[in-house]
Amino acid sequence: SFKMTIKVALSGAAGNIGYALLPLISSGYIFGSKAVELRLLEIPEAIGSLAGTKMELVDCSFPCLTDVVITSDPLVAFNNADVIILVGGMPRRKGMARKDLIQANTKIFSSMGRAIDEVASSDVKVLVVANPANTNCLVALTEASRIPTKNFCALTYLDHQRAKGQIAKRLGVPTN
């Protein structure tokens, strides 16, 4: 029996990373045997794709999954959310300067931060995945002044692993 339901919002849910995370969240791999209500956030153009994803999740009969909400409104997705995973962001396109990428993502993550501040649980935990993750995380947490700064985290493990691999290759040694 479940003691409580964790409300988990995921932005960019129709993308490859979001899609890969959904079974891990729904199966109990991440939060254990707690019940999970998913709130999948996407841009309006991707809502149709999310409807198919929702059907797949329901078809899988994941033991922890209690409900799936799909929306393009962050106020709906983040309402009383316990965990928010911000995967969605502007990807760097060919020929795009880093400055342009940061400007585009600043708009996105400012609005995400404001929505988090307005409607998320006061104890929400926010994980920013979209790159540049550390910058996007800072932008979001700056806008969410009601939420403790310690509740925000940027996923930079890929950068760590990439650097470790490149150094090991250069030195001609295994990564471990």
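Scroll up a little and you will see the structure.
Residues numbered from 1 in each chain as written. Predicted model: local features only at pLDDT ≥ 70, side-chain atom pairs only at ≥ 80, totals over all residues. Heavy atoms only, no water.

Draft legend 1. Molecular detail of the sheet that holds strand β2 (residues 35-41). Pairing within the open sheet is parallel, and its 6 strands lie in the order β3-β2-β1-β4-β5-β6. Here the strands that pair on one side only, and so sit at the sheet edges, are β3 (65-71) and β6 (152-154). The sheet shows a mean angle of 15° between the axes of neighbouring strands, taken without regard to direction. As defined by bridge partners, strand β1 (residues 5-11) adjoins β2 across 7 bridges and the pair is classed as parallel. By the bridge assignment for β2, Leu10 is matched with Leu40. Running over the sheet, helix α2 (residues 47-60) touches β2 and β3 and is turned about 175° from β3. (Pairing = 2+ DSSP bridges. Helix = DSSP H or I, 4+ residues; strand = E, 2+ residues; numbered from the N terminus. Axes fitted to C-alpha atoms, helices over the stretch in contact; angles between N-to-C directions. Contact = heavy atoms within 4.5 Å.)

Draft legend 2. Spatial organisation of the pattern of salt bridges. Scanning the model with the defined rule gives 3 salt bridges in all. The salt bridge involving Arg39 is made with Glu37; its shortest N-O contact spans 2.6 Å. Look at Glu37 and you get buried, because its relative accessible area is 16%. A salt bridge links Asp123 to Lys125, with the nearest nitrogen and oxygen atoms 2.9 Å apart. Among the residues examined, Lys125 registers a relative accessible area of 38% and is labelled partly exposed. (Salt bridge = Lys/Arg side-chain N within 4 Å of Asp/Glu carboxyl O. Buried < 20%, exposed > 50% of the residue type's maximum accessible area, 1.4 Å probe, protein only.)

Draft legend 3. View of a nonpolar patch on the surface. A contiguous nonpolar patch, built from Leu24, Tyr29 and Ile30 and spanning about 320 Å² of accessible area, is present on the exposed surface. Mapped onto the elements, Tyr29 comes out in the loop between α1 (16-27) and β2. On the accessibility criterion, Tyr29 (66% relative accessible area) is exposed. (Patch = residues over 30% accessible without salt bridge, like charges linked within 9 Å, V, L, I, M, F, W, Y side chains within 5 Å. Areas by Shrake-Rupley, 256 points an atom, 1.4 Å probe, with all protein chains shown as cover.)

Draft legend 4. Region of interest: the nonpolar core. Residues Phe78, Ile84, Leu86, Ile116, Val126 and Phe152 are the most contacted members of the largest nonpolar core, which totals 24 residues. Elements supplying a minimum of two residues to this core: β4 (83-86), α4 (98-119), β5 (125-128) and α5 (133-143). The element best represented in this core is α4, accounting for 5 residues. With sequence-adjacent residues up to four places away left out, Ile84 is seen in contact with Ala9, Phe78, Ile116, Ala120, Val124, Lys125, Val126 and Leu127. Counting 18 residues, the second-largest nonpolar core is a separate cluster that includes Val8, Leu10, Ala13 and Leu50. (Core = buried A, V, L, I, M, F, W, Y, C linked by side-chain atoms within 4.5 Å.)

Draft legend 5. Structural context of α1. The set of residues buried in α1 consists of Gly18, Leu22, Ile25 and Ser26. Buried residues of α1, seen end-on, are gathered within an arc of 85° and therefore sit on one face of the element. Considering only its buried residues, α1 is in contact with β1, β2, α2, β3 and β4. At the C-terminal side of α1, Gly28 shows a positive phi close to 100°. (Arc of directions from axis to C-beta.)

Draft legend 6. Geometry of the side chain of Asn136. Relative to the helices and strands, Asn136 is located in helix α5. Taking relative accessible area as the criterion, Asn136 reaches 2% and is therefore assigned buried. A distance of 2.8 Å separates a polar side-chain atom of Asn136 from the backbone oxygen of Ala130. Non-local contacts of Asn136, meaning those with residues more than four positions away in its chain, are made with Asn105, Phe109, Val128, Ala130 and Asn131. (Polar contact = N/O pair within 3.5 Å; in protein donor to acceptor, adjacent residues only side chain to side chain.)

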